[in-house]
Amino acid sequence: QVQLAESGGGLVQPGGSLRLSCVDSGIFFNIYTMGWFRQAPGKQRELVATITNAGSTNYADSVKGRFTISRDNAKNTVYLQMNSLKPEDTAVYYCNRSPMSVALPWGQGTQVTVSS
């Protein structure tokens, strides 16, 4: 069964950085656009960033200039480098294939908490 496994979250102070990783266990990882999503308590899941199989990226306005998405097709892994973190970035972060028509079952996500 193809699965997604996110890691790298934690507790960080405002202004700090974290690097999230997500491994896709499928064999066709390199053909898919991948996305990072997040869900804060009491809010809907939102798209944070995407990266195509060719490496083109797109970001939500709220994270532009602070977050960087990248991928390593040889490792079936997508990354999210998060800098200048803010309390409003606190959420559970998930990755998945994009668009939703090709998405896998959601993984358990990784918790990011930004607090002093």
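Preceding this section is the structure that the text describes.
Summary of the structure given here. Just so we're clear, the structure is a prediction, and the values are computed from it rather than from any experiment. Along each chain, residues carry numbers from 1 onward, in the same order as the chain's sequence is written. Totals for whole chains, interfaces and linings use every residue, but because this is a predicted model, local features are given only for residues with pLDDT of at least 70 and side-chain atom pairs only at 80 or more, for both listing and counting. The side-chain figures draw on all heavy atoms in the structure; neither hydrogens nor water molecules are used.

**Considering a nonpolar patch on the surface**
A residue counts toward a patch only above 30% relative accessible area and without a salt bridge, and it is joined to like-charged neighbours within 9 Å or, for Val, Leu, Ile, Met, Phe, Trp and Tyr, to nonpolar neighbours within 5 Å. Per-residue accessibility takes into account occlusion by the displayed protein chains alone, with areas from the Shrake-Rupley method and a 1.4 Å probe. Whenever Lys or Arg places a side-chain nitrogen within 4 Å of a carboxyl oxygen from Asp or Glu, that contact is recorded as a salt bridge. Taken together, I27, F28 and I31 make up a surface patch of nonpolar side chains, about 350 Å² in accessible area. Along the chain, F28 falls in the loop between β3 (18-24) and β4 (33-39). Only DSSP runs of H or I reaching four residues or more are called helices, and only runs of E reaching two or more are called strands; each is numbered from the N terminus.

**Quick notes on the pattern of salt bridges**
Applying the stated criterion to the full structure yields five salt bridges. In this structure, the salt-bridge partner of D89 is R38, at a minimum N-O distance of 2.9 Å. Placement of the pair is D89 in the loop between β8 (77-82) and β9 (91-98) and R38 in strand β4, with a sequence separation of 51 residues. Each member of the pair, D89 as well as R38, is classed as buried. Of the charged contacts, one joins D61 and K64 as a salt bridge, the two residues approaching to 3.2 Å between their closest N and O atoms. Relative accessibility decides the category of a residue: with a 1.4 Å probe and only protein chains considered, values under 20% of the type maximum give buried, values over 50% give exposed, and everything between is partly exposed.

**So, the nonpolar core**
One broad rule of soluble globular proteins: the nonpolar side chains tend to lie buried together. Throughout this description, the term nonpolar core refers to a set of buried Ala, Val, Leu, Ile, Met, Phe, Trp, Tyr and Cys residues connected via side-chain atoms within 4.5 Å. W36, F67, I69, V78, L80, M82 and Y93 are the most contacted members of the largest nonpolar core, which totals 27 residues. Mapped by element, the contributors of at least two residues to this core are β3, β4, β5 (46-51), β7 (67-72), β8, β9 and β10 (110-114). Excluding residues within four positions of it along the chain, Y93 makes contact with E6, L20, W36, F37, R38, V48, F67, L80, M82, G109, T110 and V112. Between two residues, a contact is recorded if the distance between any of their heavy atoms is within 4.5 Å.

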